[in-house]
Amino acid sequence: MDIIVCIKRVAQTAEADVKIDSSGKDIVKDRLTFDMNESDTYALEEAILLKEKFGGTLTAVSLGTVQAEDTLRIALAKGADSAIRIKAEDFEGLDGYKTAQLLKAAIKDLKFDVVFTGCIATDDYYSQVGVTLAELLGVPHATLVTKIDIQDTKAQVHRELEGGLIEHLDMTLPALFTIQTGINEPRYASLIAIRRAAKKEIKVIGASEIEPTGIQANASLEELFTPPAGKRAEILSGSMDEISAKVAGIIKEKGLI
Amino acid sequence: MNEIFALVEHRQGIIRDITYELLSCGRKLAEKGNTKLTAVILGHNTDNFVQILKGQAHRLLVVDNEVYEDFNSEVYQTALTEIIKRQNPVLTLISHSAFGVDLCPALAAQLGMPFTTDCLDVELAEQKLKVTRQIYDGKLNAKVLLRENAGYMITLRSGCFPAGESSLDGVVEKIDTPVSAQPDYRKFIEYIEAAVGEVDITKSDVLVSVGRGVKEKAYLSIIEDFAETIGGVVGCSRPVVDAGWLPKDRQIGSSGKTVKPKLYIALGISGAFQHIIGMKGADTIIAVNKDPNAPIFSEADYGIVDDLFKVVPVLKTKILEMKQAKG
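Enquirer: Before we move on, could you go through the interface of chain A and chain B and cite the residues and values that matter?
Expert: The partner chain B presents 96 residues to the 83 residues of chain A that form the contact. Taken together, both faces of the contact between chain A and chain B bury some 7800 Å²; the carbon and sulfur share is 56%. For the pair chain A and chain B, the interface holds ten salt bridges. Residue A:Glu15 pairs with B:Lys215 through a salt bridge whose shortest N-O separation is 3.6 Å. Only α1 (38–54), α4 (129–137), β7 (141–151), β8 (154–160), β9 (166–172), β12 (219–225), β13 (234–235) and α6 (240–253) of chain A provide two or more residues apiece to the side of chain A that touches chain B. Top element by residues in the side of chain A that touches chain B is α6(A). It accounts for eleven residues. Across the side of chain A that touches chain B, the residue classes break down as 39 nonpolar, 22 polar and 22 charged. Across six bridges, the pairing between β12(A) and strand β9 (residues 140–146) of chain B is antiparallel.

Structure follows, in structure tokens:
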């Protein structure tokens, strides 16, 4: 079984204060931490589990700057055999479509049975790279996957729909799956494995390897702005004792105490 | 300007709510652009859908075949590629749902059409399409211009275009199906209903809901204890279920339960829109979060900007005091 997993290094913004920089088109990054995109960690784990079950090769691919190599090394430490970085610095105006085209250019000559991606990147929130990549590779896809059971070239696939409903599909490989969080328990890389991965070679490809003709973006960013505050919560202030008394009062007022 | 298309989303024989939002958005854009809105219905036994949607669009394009009864993006993609090529809509609106994210990027890529996903607002003027999207965990909005083209495709986030009253008299046009069988490489088999848990969180008047901010499974006992004090049950946002700390039936949000309790206390939940969808119907929402800019504070009635583990013990004591005073 030959497997490819696409991963992305993203700013961890779920619990961080995100500010727009002076260009108005990017965010202030110096106080943010960066790590593998959340659903990509599950995609990587699913890829490793599949390789452990069936053998074969696992290639991790990332479009990013040189720091993305840290993320690729985590993938190598966890179980990927090889890694490819596409030099983001060689290409401008990267949207989901352009990203998918570059990923396609990087993997089109590799043999694969399964391609995994995360179902969404928490930075640009597109949910479009995986499906676009599948279309460009000419293979079937399923998104928001929460279970995959492979036998020979057939895959029984569960997709997560709204309201907790599951859709069961019968698919044929090769195929691409975008993985939903929670499908497995992503492992941690051991220190020894991280040290070993630090010495592995990462293949780096850029504008000299990828013919840019015909690769275009669908969308260009005009401006970033803070979402308009709709209804704003009344922020309770004072000592913790005072705040708690207010909250208890509110709950009592509602007749719930 | 050419027509605007809105793709009708249905599941298990029922039109999904987002469809009315797509149609509402489509009508608004059609009016501004002096063009018409077509509702595209791919389904089986569609008479009922036609009756329901007749007032919502200028035209209803109906493709009726059993192959469309259950959603299969491959089938929809093949059919819609044919239809869109023939009819050349200026814009096709699809929902940003499990259905839409599976379909839109592949369909638009096949058509060579610029597209983008998860749009909150849309401006279409002089053949140019600008959309507003949300990025970085919903903390910033981005205004995005699409590559100029004769046709565009986008997915719309639910809750951005309220379904509206409309009294159009849509012309019904039936066309032959371009597809009549599911491909071997992707076949829909069945829907599997979510497992029923020991507690039905949708039945409780009081919900204490936890998110990423709870940090460790071990700390959940503090939350459970607090919930018991105020007579509520514990729910959660997605990361808590993903980590395996609470079962799936406790998850509140688009892929979990929709709840409407009298009181919703959100602890350490940032407020991703997928979560908001599931709890915005609560009577009173109190949110505790360390980040003053967390989106949850735009939905809550009352907010406390602090660490939930500092708030919960003090609040529990206050509530116990109040109960004793009463008792």
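On we go from here.
Enquirer: Could you give me a rundown of the nonpolar core, with the residues and numbers involved?
Expert: Core analysis: the biggest nonpolar cluster contains 48 residues, and A:Val5, A:Phe116, A:Phe177 and A:Ile179 have the highest contact counts within it. Among the elements that make up this core, the one with the highest residue count is α1(A) (six residues). When residues no more than four places from it in sequence are discounted, the contact partners of A:Phe116 are A:Ile3, A:Ile4, A:Val5, A:Cys6, A:Ala43, A:Glu46, A:Ala47, A:Leu50, A:Ile148, A:Phe177 and A:Ile179. In this structure, A:Val18, B:Ala6, B:Ile15 and B:Val122 belong to the second largest nonpolar core, which totals 44 residues.

Enquirer: So what about the pattern of salt bridges? Which residues, and what values?
Expert: This model, assessed by the stated rule, comprises 41 salt bridges over all chains. Across the pair A:Asp2 and A:Lys111 runs a salt bridge, and its minimum N-O distance is 3.4 Å. With A:Asp2 in strand β1 (residues 2–6) and A:Lys111 in the loop between α3 (96–107) and β6 (114–118), this pair connects stretches of sequence that are 109 residues apart. Of the residues examined, A:Lys111 reaches a relative accessible area of 66% and is grouped as exposed. For the salt bridge of B:Arg186 with A:Glu167, the shortest nitrogen-to-oxygen distance reads 3.7 Å.

Enquirer: Could you give me a rundown of the pairing of strand β5 (residues 82–87) of chain A, with the residues and numbers involved?
Expert: Residues and elements named next belong to chain A. Note: strand β4 (residues 57–64) against β5, six bridges, orientation parallel. Counted as the bridge partner of Leu 63 is Ile 86 from β5. Between the parallel pair β4 and β5, the chain is carried across by helix α2 (residues 68–78), and the sense of this crossover is right-handed. Bridge count for β5 against strand β11 (residues 203–205) is three bridges, and the pairing is parallel. Bridge pairing in β11 places Ile 86 opposite Ile 205.

Enquirer: So what's going on with a positive patch on the surface? Which residues, and what values?
Expert: A surface patch of positive charge is lined by A:Arg195, A:Arg196, A:Lys199 and A:Lys200. Here A:Lys200 is to be found in the loop between α5 (191–198) and β11.

The rules we used
- Residue numbering note: each chain is counted from 1, following its sequence as written.
- Ligands are numbered from 1 and chains lettered from A, in the order in which they are written.
- Given that the model is predicted, a residue must reach a pLDDT of at least 70 before its local features are reported, and side-chain atom pairs must reach 80 or more before they are shown or counted; all residues, however, enter totals for whole chains, interfaces and linings.
- Only hydrogens and water are removed before side-chain values are computed, so all heavy atoms of the structure are retained for them.
- Working rule for contacts: check all heavy atoms of both residues, and any pair within 4.5 Å makes them a contact.
- Summed over both partners, the accessible area lost on bringing two parts together, with a 1.4 Å probe, is the buried area.
- For salt bridges, the criterion is a side-chain nitrogen of Lys or Arg within 4 Å of an Asp or Glu carboxyl oxygen.
- Under the scheme used here, helices are H or I runs from DSSP no shorter than 4 residues and strands are E runs no shorter than 2 residues, and both carry numbers assigned from the N terminus.
- We call Asp, Glu, Lys and Arg charged. Ala, Val, Leu, Ile, Met, Phe, Trp, Tyr, Cys and Pro are nonpolar, and the rest, Gly among them, are polar.
- Each pair of strands is called paired provided DSSP finds at least two bridges between the two strands.
- To define a nonpolar core, start from buried Ala, Val, Leu, Ile, Met, Phe, Trp, Tyr and Cys residues and group those joined through side-chain atoms within 4.5 Å.
- The rule is simple: take the accessible area with a 1.4 Å probe, protein chains only, and divide by the maximum for that residue type; under 20% is buried, over 50% is exposed, in between is partly exposed.
- Orienting the strands away from the viewer, one traces the path from the first strand over the helix to the second; a clockwise path indicates a right-handed crossover.
- Two distance rules govern patches: like charges are joined within 9 Å, and nonpolar side chains (Val, Leu, Ile, Met, Phe, Trp, Tyr) within 5 Å, applied only to residues with over 30% relative accessible area and no salt bridge.
- Each accessible area is a Shrake-Rupley result for a 1.4 Å probe, and residues are judged covered by the shown protein chains and nothing else.
- In this charge count, Lys and Arg are treated as positive and Asp and Glu as negative; neither His nor the chain ends contribute.
- Where a charge sits is defined by one atom per residue type, namely NZ (Lys), CZ (Arg), CG (Asp) or CD (Glu).

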